[in-house]
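# Descriptive structure summary
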Amino acid sequence: MKKIKTYQAVALMAILLSVACGKDYFDVNTPSNTATVDQLRMQDLMAPVILSTMEGQRAAELSFGNYVQNFVGTGGGAAGQTTASGLWSQVYLFVLPNVQVIKEKAAETNATHIAAMADILTAVNLGIATDTWDNIPYSDATEGPENNFASFDSQEFVYEQIFDLLDNAIAALEAPDNSGLDIGSADLVYGGDMDKWLRTAYTVKARYQLHLVNKGVVTPETVLNTIANGYNSNEDDFLLYYDERNINPWYSAEILARATGNLSNDIGSQLVSSMNGDYYPFQSGALTIDPRLPLFAENGGEEEYKGFVSGGVGVAPDGSDANARFRTDGFYTSVDAPVMLISYAEAKFIEAEAAFLANGGNMTSIGTNAQAYSAYLEGIQASMTMYEVEDEGALYLADGAIAVGEGALALHHIMKEKYIHNFLNPETFVDFRRYDFSNEVFTGLQIRLEEASDDSDFFGQWFRRAEYPSSELNRNEANVLANQQTPVTPVWWDE
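What comes next is a walk through the structure. (Residues numbered from 1 in each chain as written. Predicted model: local features only at pLDDT ≥ 70, side-chain atom pairs only at ≥ 80, totals over all residues. Heavy atoms only, no water.)

Another aspect to go through is helix α1 (residues 42-67). Along its 26 residues, α1 runs 37 Å from first to last C-alpha, staying within 8% of the 38 Å computed at 1.5 Å per residue. E61 marks the point of greatest bend in α1, at about 40°. The element α1 is largely enclosed, with a buried count of 25 among its 26 residues. Note on α1: the residue one or two positions beyond its end, Q69, has a positive phi of about 65°. (Helix = DSSP H or I, 4+ residues; strand = E, 2+ residues; numbered from the N terminus. Expected span 1.5 Å × (residues − 1). Bend = angle between axes of the 7 residues up to and from the residue. Buried < 20%, exposed > 50% of the residue type's maximum accessible area, 1.4 Å probe, protein only.)

Encoded structure:
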């Protein structure tokens, strides 16, 4: 995977429509001067939009990663209800206003490919926002100060807009752009490679179509038709890399915080037990753990990796002391580590799940067709390649616990591999809700214990959404209260 060095990008961070000049796109502190919209180029705004999109993904995962037990609070703490306010700020303060300006300027210059990038990024941000809160502002969300009381659109309507945006982007990217304008280094992920943006549009569309299969709105066959045009290899992965000057936020929040005695998180037992042989015992004797586990966690040099039980007090599932903590120089927790939006491996797991369902599979059925099994294996191979553990990955793929054969493949095999690959990706919270937190689909999954839980009103219930942030409640009270639900109420596609 080619790394786009973030320190090479020079951009401007817009706050609403008052834009702060900075040395690069990470400079988001109080501006010393401002630029008007007329002074800005599309390139000046695109890098901040990409950054805010990825920062929003991480902000959501700060809560949802605890819900799906990728990690727990220090010593096992289970998170309570959340407002996911960091995501709200990224979407409504930094992304949508800037995208609106990009779209206006793209229309003026007939820059159809840059407009397509803006549509894809809008769809991604609307997607994670509506999956987080259900009904959200969109139709008139960027009309302030003319309209400071934005109405809320239903999730069903927002999904329609997501697909419209992606279809528009696909049509634009499949046609020539005669504007002569090049986004260049302002594209922090692909460096202006529009073929990769086209495949991203298809892959993101398949992801959101898959969300609606269990709702009965989309068929698995439709998902398969879409993903056939998606990512081709790991070279397409949507990864934003950080660097030594602009350090990865997971490194800052986990590794630096732990080193300085501040609160940080520990690795959850659901993840570790899915990778250390507890739930899926290795059969060949060639492996004792999933080779990706040491890239996520460290265990203080002990013989076994033991994850922290969610809501427990420092214990592993067997009652002994847990020991799995974020790795100091891990794949996502080193200084220059990436944040991932979506990947080729996920695309193959989308294909595997859709093919499994199209073949008549369900949560408990066993056996599938060649397409589902092949996509399942290719997803694992792609994951091993992305995490750079191909040699041990070959042993993993050959083990009987993984290479179960077409006739023995179950949905839980596919979803386990997707869960592991998408470590620290908020898409996993969607997967857990789509299958109602089933331990038949997510092997071994148990709801958080009460002993070290932060919630007092919802013990014994899975969280299914965030509450709206207090900032929006204070500013737009009537519309917020009209749409507010309890944090254990399913969103529209989850009903």
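Looking now at the nonpolar core. The biggest cluster of nonpolar side chains holds 152 residues, and the ones touching the most others in it are M46, W133, W197, F238, F296 and Y332. For this core, the element with the highest residue contribution is helix α3 (residues 112-133), accounting for 13 residues. Ignoring anything within four residues of it in the chain, the contact list for Y332 reads N248, W250, Y251, F296, A337, P338, M340, M386, Y387, H421, F423 and L424. (Core = buried A, V, L, I, M, F, W, Y, C linked by side-chain atoms within 4.5 Å. Contact = heavy atoms within 4.5 Å.)

Going through the model one piece at a time under the given rule, you end up with 32 aromatic pairs. When the centroid spacing of 5.0 Å and the interplanar angle of 25° are considered together, the rings of Y67 and F463 count as stacked. In this pair, Y67 is assigned in helix α1 and F463 in the loop between α14 (427-434) and α15 (470-475), connecting sequence segments 396 residues apart. Joined through ring pairs, the aromatic side chains of F71, W250, F296, F326, F331, Y332, Y387 and F423 make up one cluster. Across the ring face of W250, the terminal group of R58 is positioned such that the distance to the ring centre comes to 4.9 Å. If you follow K416 out to its NZ or CZ, it ends over the ring of Y280, 4.4 Å from the centre. (Phe/Tyr/Trp six-rings, centres within 6.5 Å; stacked < 30°, edge-to-face > 60°. Lys NZ or Arg CZ within 6 Å of the ring centre and 35° of its normal.)

What follows is about the packing of α3 against helix α4 (residues 155-173). α4 packs onto α3 with a crossing angle of 155° between their chain directions and a minimal axis gap of 8 Å. Accordingly, the angle class assigned to the pair α3 and α4 is roughly antiparallel. Like other packed secondary-structure pairs, α3 and α4 cross with a definite hand, here left-handed. Contact residues: α3 offers T112, H113, A116, D119, I120, T122, A123, L126, G127, T130 and D131, while α4 offers Q155, V158, Y159, I162, L165, L166, N168, A169, A172 and L173. Looking at the contact of α3 with α4 residue by residue, the class counts come to twelve nonpolar, seven polar and two charged. (Axes fitted to C-alpha atoms, helices over the stretch in contact; angles between N-to-C directions. Parallel < 35°, antiparallel > 145°, perpendicular 65-115°, else oblique. Left-handed = near helix turned anticlockwise from the far one by under 90°. Nonpolar A, V, L, I, M, F, W, Y, C, P; charged D, E, K, R; others polar.)

In this section: helix α6 (residues 220-227). Residues P220, V223, L224, T226 and I227 constitute the buried set of α6. Angular distribution of buried residues about the axis of α6 spans 165°; they occupy a single face of the element. The elements touched by buried residues of α6 are α5 (194-211), α10 (344-358) and α11 (370-386). (Arc of directions from axis to C-beta.)

Right, let's talk about the pairing of strand β5 (residues 238-241) for a bit. Of the two faces of β5, the one carrying F238 and L240 and the one carrying L239 and Y241 are both buried. Note that β5 and strand β9 (residues 338-342) share four bridges and pair antiparallel. Residue pairing across strands places L239 opposite M340, the latter belonging to β9. (Pairing = 2+ DSSP bridges.)

Below, the discussion takes up the environment of T142. Position of T142 relative to the elements: it lies in the loop between α3 and α4. Sequence separation between T142 and R464 is 322 residues; the distance between their C-alpha atoms is 27 Å. When near neighbours in sequence (up to four residues on either side) are disregarded, T142 contacts L96, P97 and Q100.

Although it is not a glycine, A84 sits at a positive phi angle of roughly 50°. Topologically, A84 is positioned in the loop between β4 (71-73) and α2 (85-109). If you check the backbone angles, D134 has positive phi at about 80° while not being a glycine. Residue D134 is classed as buried on the basis of its relative accessible area of 7%.

The next subject is the pattern of salt bridges. Following the criterion strictly, the structure yields 24 salt bridges and no others. Residue E427 pairs with R207 through a salt bridge whose shortest N-O separation is 3.6 Å. With E427 in helix α14 and R207 in helix α5, this residue pair connects regions lying 220 residues apart in the sequence. Since its relative accessible area comes to 5%, E427 is described here as buried. Between E417 and K416 there is a salt bridge, with its nearest N and O atoms 2.9 Å apart. Take E417 and K416: they sit in the same class, and that class is buried. What you see here is one network of salt bridges that share partners, running through D290, R292, K416 and E417. (Salt bridge = Lys/Arg side-chain N within 4 Å of Asp/Glu carboxyl O.)

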